[in-house]
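Secondary and tertiary structure notes
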Amino acid sequence: MKRLAVLGSTGSIGVSTLEIVAEHPGQFQVVALTAGRNLALLEEQIARFRPDVVAVPDPENAQRLQERIGACATRVLYGTDGLIACVTDSHVDMVVSAIVGAAGLEPTLAAIEAGKDVALANKETLVIAGELVMAAVAKSGCQLFPVDSEHSAIFQSLEGHRKEDVRRLILTASGGPFRNWSLDDLQEVTPQDALAHPNWTMGRKITIDSATMMNKGLEVIEAHWLFDVPVDDIAVHIHPESIIHSMVEYIDGALIAQLGIPDMKTPIAYALTYPERLTLDLPALDLCRLSQLNFAVPDSQCFPCLGLAYDAIRRGGTTPAVLNAANELAVEAFLQEKIGFLDIPRIIAKVVAKHTNTVASSLEQILTADSWARQTAHDVIHEIEGVSYT
Ligand code: NAD
Ligand code: MG
């Protein structure tokens, strides 16, 4: 019986994780759950999975939740301390890290430092603090399993092979809903257009990141840290069908790929039970019904976020944390219709250009850069708000 703490249990990954748990009675026990604002769903999850402890972001919501669940055995905590208490609980074997954004960093790092295995969906953790996090993994001896479908595919394609035989990693990207759009068309994009992803159902932030291709940029950085491969040996191919989830090219020219239907349950389950595989009730991939698989080079003019991410990780230090924070604020401003779609990369580039890069070897340095970037992005957004949105 594997005992789990699920961070972000009310989100897209969190809900899929709990569905897998429910479909496999006797295999998992849910010790801790944490959520942001969706108290009604968290309340249902508490009734269903009976965790020992839960955490929400603030004391007001903790009190409201406590009143809703009444006198039950589940303890309700709040804030970063509450999240950390959930992941470090002595009964937890594995932490599913599925909070969105930089808020996932501190509890994930705490879990690693406490020696808990981590199923990592929160890619922002490695983008912001890759060096620090990988050093903590090496020190604690815990295992870090990728949940992101591309990284799970690479993880699977590397198994049984020698690291020195790897020539490069190839991440696939659907290209999002605007793959063939012109710059003029992109000017007019609304949040509603951008939230309609062709292949995947995901949370709002990652869906916008997929539309700008920042998601792929964040994934390049994530892959660099997870697999210790230089960023210039990580390529991105547009693959609109989302059937090949990513691949590894070896020095003899062999390409090893992992294929499947686009459903996050497969990579989540593999991270939960590696090296075993769980039986999942998903439609099989019927290769004979696929008419074709297509590949293309990303359009760097229409989707500059990918290049911004490559530049940030090449620069290193605190720059990727700044890129990430500026992106989080720009995406939120776009969702609130304060800025246009093409303003997202403009804002990120402006904030990164203003940043004085420093080393990112402590949590404090990273959090300082993160808050500087949030304040600066806020100011930049304020300057352009209402000016360029049409
Ligand atoms: P989501 O928005 O659906 O869910 C996010 C979860 O985090 C929710 O439970 C929310 O309540 C919680 N949360 C948000 N802000 C919080 C805060 N400040 N403090 C505490 N909790 C907070 O997001 P998602 O799509 O499930 O994605 C989660 C993470 O997994 C992201 O980092 C994303 O990039 C990554 N990921 C998601 C997918 C996917 O298919 N959804 C695929 C690969 C990677
Ligand atoms: Mg992905």
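Our structure is the block above this text.
Residues numbered from 1 in each chain as written. Chains lettered and ligands numbered in written order. Predicted model: local features only at pLDDT ≥ 70, side-chain atom pairs only at ≥ 80, totals over all residues. Heavy atoms only, no water.

Section: the environment of K205
On the secondary structure map, K205 appears in helix α10 (residues 204-212). Judged by relative accessible area, K205 falls into the buried class, the value being 12%. With 67 residues separating them along the chain, K205 and A138 place their C-alpha atoms 30 Å apart. When residues no more than four places from it in sequence are discounted, the contact partners of K205 are V100, E124, L218, N324, N327, E328 and V331. (Helix = DSSP H or I, 4+ residues; strand = E, 2+ residues; numbered from the N terminus. Buried < 20%, exposed > 50% of the residue type's maximum accessible area, 1.4 Å probe, protein only. Contact = heavy atoms within 4.5 Å.)

Structural notes on the nonpolar core
Ranked by size, the top nonpolar core spans 128 residues in total, and within it L169, L323, I339, F341 and I348 carry the most contacts. Element by element, the count of residues in this core is highest for helix α14 (residues 319-335), at 11 residues. Two domains share this core, each providing at least three of its residues, namely domain 1 (2-146) and domain 2 (151-261 + 289-384). Not counting the four nearest positions on each side in its chain, L169 is found in contact with I154, A223, F227, V229, D233, I234, A235, M247 and V248. (Core = buried A, V, L, I, M, F, W, Y, C linked by side-chain atoms within 4.5 Å. Domains from an automatic or database assignment.)

So, the packing of aromatic side chains
The description of an aromatic ring pair uses the distance of the two centres, along with the angle that the planes make with each other. Under the counting rule described, the total for this entry stands at eight aromatic pairs. A ring pair is formed by F145 and Y274, whose centres lie 5.4 Å apart and whose planes are at 40 degrees; its orientation type is tilted. A residue pair is termed long-range when its members are at least 10 positions apart, and F145 in strand β7 (residues 144-146) and Y274 in the loop between α12 (265-273) and α13 (304-315) qualify at 129 residues. Take Y274: its relative accessible area is 26%, and that puts it in the partly exposed class. On the numbers, 5.2 Å between centres and 80 degrees between planes, the contact of F178 with F341 is edge-to-face. (Phe/Tyr/Trp six-rings, centres within 6.5 Å; stacked < 30°, edge-to-face > 60°.)

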